[in-house]
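# Coordinates in review
Below are the chains, spelled out letter by letter.
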Amino acid sequence: MRNLPATIDFLVLSAAWLILSLLAPPADAAVVTGSWKTQVESCTVVLEEEDRSTYHLRVFQIQNKTKTPCIPSVEAFADAFGRVMQNAAPFQKQGKETVRIFLGRLLELPGMSKELSSTARQAKEWNLSAGKPVRGNENVFVARLLLKSETLRELLGGLKLAHVSVEKVLVPSRDMVTRWKRGAAYPNKRVPYDCLLWVEVAAAR
């Protein structure tokens, strides 16, 4: 029975990841009305237009005929993102000043999870002991931090970051932090490290 807490933590973390995956907009949830693809490092980057209104960015590699997450460098990601956005030309096509893009899991964007955890750890508005904001909810807190993120702006390749929204923020439990080991998917403090991320971007002026 000594290993019961560890097993529970593993199941909780696995369930959280499963929820994140299920909540990400599935391919058949909307009609794909456009698709643009480029290759960077070992990753394939695909930008899909859904219902002629929103966009969904996917970054993956094919292993044994299965799509698996692929994380390029920050510079490579920004370059690839810039190429697919240029090809899609969403601002001209839709005649809008901003477009909404689902970027997927924060943990799968280069540099973002580490930056979020580090920034949250230093924020006076975050209660490290409780693993939650001093006031308000996790989604609002994380969205505010990400709106100020220099790494996120770099990933967006010079586009203006107008708005950020997130769902399903993950924060490790006390037991997870106690048994934290280098290389684990969660940080060694009770701070947010993953979420589902949407951005609204405007063309660079």
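See above for the structure.
Values in this document were obtained by computation on a predicted structure and should not be read as measured data. (Residues numbered from 1 in each chain as written. Predicted model: local features only at pLDDT ≥ 70, side-chain atom pairs only at ≥ 80, totals over all residues. Heavy atoms only, no water.)

Tallying secondary structure elements over the protein gives seven helices and nine strands in all. Burial status across the protein gives 43% buried among its 205 residues. Sequence-distant contacts in the protein: of pairs separated by 6 or more residues, those separated by 24 or more amount to 64%. About 11,600 Å² of surface is accessible on the protein, with carbon and sulfur atoms providing 52% of the total. (Helix = DSSP H or I, 4+ residues; strand = E, 2+ residues; numbered from the N terminus. Buried < 20%, exposed > 50% of the residue type's maximum accessible area, 1.4 Å probe, protein only. Contact = heavy atoms within 4.5 Å. Areas by Shrake-Rupley, 256 points an atom, 1.4 Å probe, with all protein chains shown as cover.)

Now for the environment of Val84. Along the chain, the position of Val84 falls in helix α2 (residues 74–88). A residue is classified by how much of its surface remains accessible, and Val84, at 1% relative accessible area, is buried. Put simply, Val84 and Glu48 are 36 residues apart on the chain and 9.4 Å apart in space, counted from C-alpha to C-alpha. Here Val84 is in contact with Trp36, Lys37, Thr38, Val45, Leu47 and Leu57, once residues within four sequence places are set aside.

Structurally, His56 is set in strand β3 (residues 54–63). Since its relative accessible area comes to 5%, His56 is described here as buried. Here the side chain of His56 touches Arg58 through a polar contact of 3.2 Å, side chain to side chain. (Polar contact = N/O pair within 3.5 Å; in protein donor to acceptor, adjacent residues only side chain to side chain.)

Let us look at the packing of aromatic side chains. Enumeration over the complete set of coordinates arrives at four aromatic pairs. Taken together, a centroid distance of 6.5 Å and an interplanar angle of 40 degrees make the contact between Trp36 and Tyr55 tilted. With Trp36 in strand β1 (residues 32–40) and Tyr55 in strand β3, this residue pair connects regions lying 19 residues apart in the sequence. Overall, Trp36 belongs to the buried group, its relative accessible area being 16%. For Tyr55, a relative accessible area of 2% translates into the label buried. (Phe/Tyr/Trp six-rings, centres within 6.5 Å; stacked < 30°, edge-to-face > 60°.)

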